[in-house]
Amino acid sequence: MTEPLKVLIVEDEALLAMELESLVEEAGHSVVGWATSSAEARSMIESTDADIAFVDIHLTDGPTGVDVAHYIGEKKRSMVVFMTANPKRIPDHFAGAIGVIAKPYTMNGLTSALRYLQEGVRRPPPVSARPAGFTLSPAFEAVWAPAA
Amino acid sequence: MDWKRTREPADAWHMTDDLHVEHGKGDPFAAAIRATRMSMVITDPRRPDNPIVFANDAFLRLTGYERHEVLGKNCRFLQGPKTDKAAVAQIRTAIEDNADVSVDILNYRKDGSTFWNALYISPVSNDKGEVQFFFASQLDVSDRKRSEHRITADKDRFEKAVKERTAELEAALEAQTTLLHEVDHRVKNNLQMISSLIIMQRRTIKDEATRHSLATMLERIEALSTVHRRLYQSKDVSRFDVSDFAKDLVTDLLTASGRSGIKPKLELDPIVISAEKATPVALMVNELVTNALKHAFKEGPDGTTAGRIGIKMSQPDGHFKIEVSDDGVGMAEANGDASFGMRLIKSLARQLHADIEWRDAGPGTKVVISMPNEPQQKGLSHD
Ligand SMILES: Cc1cc2nc3c(=O)[nH]c(=O)nc-3n(C[C@H](O)[C@H](O)[C@H](O)COP(=O)(O)O)c2cc1C
Ligand SMILES: Nc1ncnc2c1ncn2[C@@H]1O[C@H](COP(=O)(O)OP(=O)(O)O)[C@@H](O)[C@H]1O
Ligand SMILES: [Mg+2]
């Protein structure tokens, strides 16, 4: 069994965070924190040992998700996956993130993405097919899904 | 000064003055120059400062001077403070080089009023190639200049107006785009929330039938979500790549069912439909695929199900054709004309002006949908 993931949720919408938490836990992973703003996200990344952070672009203090990703990337302890209804706002370099789960995702889309990410984080590259609605950053595309 | 060696008598131009008195006698060519309505002067470069030695009446009329006021003077007395220095320099250079020159220059009359002078100067040489005279004609082109100015001013005004209008339109477009993104963002977030609400509600419910209803409802909403997720990914938000969507949907439904024994068979030509057709097509495909998943396959003795679900999308002769097939039990035993799923499919087909037909595929079922579709534009589907 691959070790489950410790997940930090950075999402301003309570309902979505709640549901995401349930789905993450149903998939056998654990949620180590929920941040709604960039400041909260920064302090939680310090106080938790999350493997992966799901980061929305739009938080309670504005479109600060990309900054959060940068910050997490510099700490080098956790990886970032954007989770947004606005993927066009993600810069081309993805601020070091693995990729993006575009909202609205389906329940199965999310579960598949979790499995894919678990494989990729624990034993890269992932063996399952990349789920629909999940896009890799160019940097990770090169490593996780090199063109045959 | 070497007047006498030239062929013309030194007093050639005084002769023309004589002609004026004795009209019709002497040189008819000189007489013509005297009398023409075109202003003309002749200067003598061999005298100090190239003075006027002849001026016709038209020149005097144009400039407002008397003949005795102009004879012996250099023509620069016609220039004034607003005369363009560059134009003067151009004339000076041409005269130094003994060359022709044609230039529009602002000149002043005796009364101080100004006019635009279309000046043409050319040297007149003798047999030996020595310049003897400069000949010039002056034409009052103030009217032309005025309209030229007006045209330039009009053009400037027009360009300014166009620039302003373009800026306005760009700002409006920018606002529209921002608004579109904002609305799109909200629609997507709201769809996500609706799904979340259903999932959360379902967790609290024990009754199988209700759970089943909620699951079906979630599938339908997720089909809509997938449409929306894909809709704004392309640059052209009015077109929808239905084959890419179908691939997403089928993969999602199959993995969600957890039945790895059922294999998809996708034959998807890249087909683009208009955005308003995207939702009904998506819902219809969702119904057909979930039906096949739910009803077509019997569990084997080992608790697993095996089978194949096929989706084919093609566009023969301007018709968009969708085929959803399975190799399951077939529909002979189905009695479901009154069921909601079937009604939904049929209503959506009507909305799309689509023909829909359930065929016995022996084994299994094949549903064939055919609807008119606008011609495909190359390159739209994958940019
Ligand atoms: C035959 C002839 C006719 C001329 N007619 C005019 C004229 O109508 N208006 C004007 O501004 N300059 C006229 N000029 C130009 C001036 O006489 C002078 O050559 C010019 O101003 C350049 O010299 P400057 O820099 O010494 O003034 C004429 C020159 C020549 C030789
Ligand atoms: N591909 C299929 N294979 C076998 N039976 C089918 C298939 N599609 C539909 N049916 C039958 O038609 C009935 C009506 O379908 P539908 O209106 O979608 O209702 P529901 O899916 O809620 O049962 C189903 O209950 C099933 O018996
Ligand atoms: Mg059904």
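See the structure shown above.
None of these values were measured; they are calculated from a predicted model. (Residues numbered from 1 in each chain as written. Chains lettered and ligands numbered in written order. Predicted model: local features only at pLDDT ≥ 70, side-chain atom pairs only at ≥ 80, totals over all residues. Heavy atoms only, no water.)

Draft legend 1. Layout of the overall build of chain A. Regarding its fold elements, chain A presents 5 helices and 6 strands. Ordered by position from N to C terminus, the α and β elements of chain A give β-α-β-α-β-α-β-β-α-β-α. Expressed as a percentage of its 148 residues, the buried residues of chain A come to 55%. Counting contacts in chain A only where the partners sit at least 6 residues apart, residues at least 24 apart contribute 60% of the total. (Helix = DSSP H or I, 4+ residues; strand = E, 2+ residues; numbered from the N terminus. Buried < 20%, exposed > 50% of the residue type's maximum accessible area, 1.4 Å probe, protein only. Contact = heavy atoms within 4.5 Å.)

Draft legend 2. View of the site of ligand 2. Residues and elements named next belong to chain B. Residues in close proximity to ligand 2 include Asn291, Ala292, His295, Ala296, Asp326, Gly330, Met331, Ala334, Ser339, Gly341, Met342 and Thr365, which together make up its full environment. Measuring from an oxygen atom of ligand 2, one finds a side-chain N or O atom of Asn291 at 2.8 Å. The contact in question runs from an oxygen atom of ligand 2 to an N or O atom on the side chain of Ser339, over 2.3 Å. Within the complex, 78% of the 530 Å² of free accessible area of ligand 2 lies under protein. At the level of secondary structure, the elements contributing two or more residues to the shell around ligand 2 comprise helix H9 (275-296) and helix H10 (340-351). Sort the elements by how many residues they give to the shell around ligand 2 and H9 lands first, with 4 residues. Of the residues contributing to the shell around ligand 2, the split by class is 5 nonpolar, 6 polar and 1 charged. (Near = heavy atom within 4 Å. Polar contact = N/O pair within 3.5 Å; in protein donor to acceptor, adjacent residues only side chain to side chain. Areas by Shrake-Rupley, 256 points an atom, 1.4 Å probe, with all protein chains shown as cover. Nonpolar A, V, L, I, M, F, W, Y, C, P; charged D, E, K, R; others polar.)

Draft legend 3. Representation of the site of ligand 1. All names here are of chain B. Taken together, 20 residues lie around ligand 1, and Asn74, Arg76, Gln79, Arg92 and Asn107 are the ones closest in. In this structure, Arg92 approaches ligand 1 through a side-chain N or O atom, which is 2.4 Å from an oxygen atom. Asn117 places a side-chain nitrogen or oxygen 3.1 Å from an oxygen atom of ligand 1. Against a free-state accessible area of 620 Å², the protein chains account for coverage of 91% of ligand 1. Secondary structure elements with two or more residues in the shell around ligand 1: strand E1 (39-43), helix H5 (85-96), strand E3 (101-108), strand E4 (114-125) and strand E5 (131-140). It is H5 that provides the largest number of residues to the shell around ligand 1, a total of 4 residues. Of the residues belonging to the shell around ligand 1, the class tally is 11 nonpolar, 7 polar and 2 charged.

Draft legend 4. Here's a closer look at the interface of chain B and chain A. At the interface, 25 residues of chain B touch 24 residues of chain A. Together chain B and chain A conceal approximately 2300 Å² of surface at their shared face, both sides included; 58% is due to carbon and sulfur atoms. The interface formed by chain B and chain A includes 2 salt bridges. Connecting chain B to chain A are 12 residue pairs in polar contact (both at pLDDT 80 or more). Among the elements of the structure, helix H6 (142-203), helix H7 (208-231) and helix H8 (242-257) of chain B are those that each provide at least two residues to the side of chain B that touches chain A. (Buried area = accessible area lost by both parts, 1.4 Å probe. Salt bridge = Lys/Arg side-chain N within 4 Å of Asp/Glu carboxyl O.)

Draft legend 5. Seen up close, the environment of Ile91 of chain B. Residues and elements named next belong to chain B. As for its position among the elements, Ile91 is in helix H5. The sequence separation of Ile91 and Leu119 amounts to 28 residues, and the corresponding C-alpha distance is 9.5 Å. Beyond its immediate chain neighbours, meaning those up to four positions away, Ile91 contacts Val101, Val103, Ile105, Leu119 and Ile121.

Draft legend 6. Just the nonpolar core, in detail. Within the largest apolar cluster, 43 residues are counted, with the highest numbers of intra-cluster contacts made by Val281, Met313, Phe320, Ile322 and Met371 of chain B. Those elements that place two or more of their residues in this core are H7, H8, H9, strand E9 (307-314), strand E10 (319-326), H10 and strand E12 (365-372) of chain B. When residues in this core are grouped by element, the largest group, 12 residues, is from H9 of chain B. Dropping the residues within four chain positions of it, Ile322 of chain B is found in contact with Val281, Val285, Lys312, Met313, Val367, Val368, Ile369 and Met371 of chain B. Membership of the second largest hydrophobic core comes to 25 residues, among which are Leu20, Val24, Val31 and Val121 of chain A. (Core = buried A, V, L, I, M, F, W, Y, C linked by side-chain atoms within 4.5 Å.)

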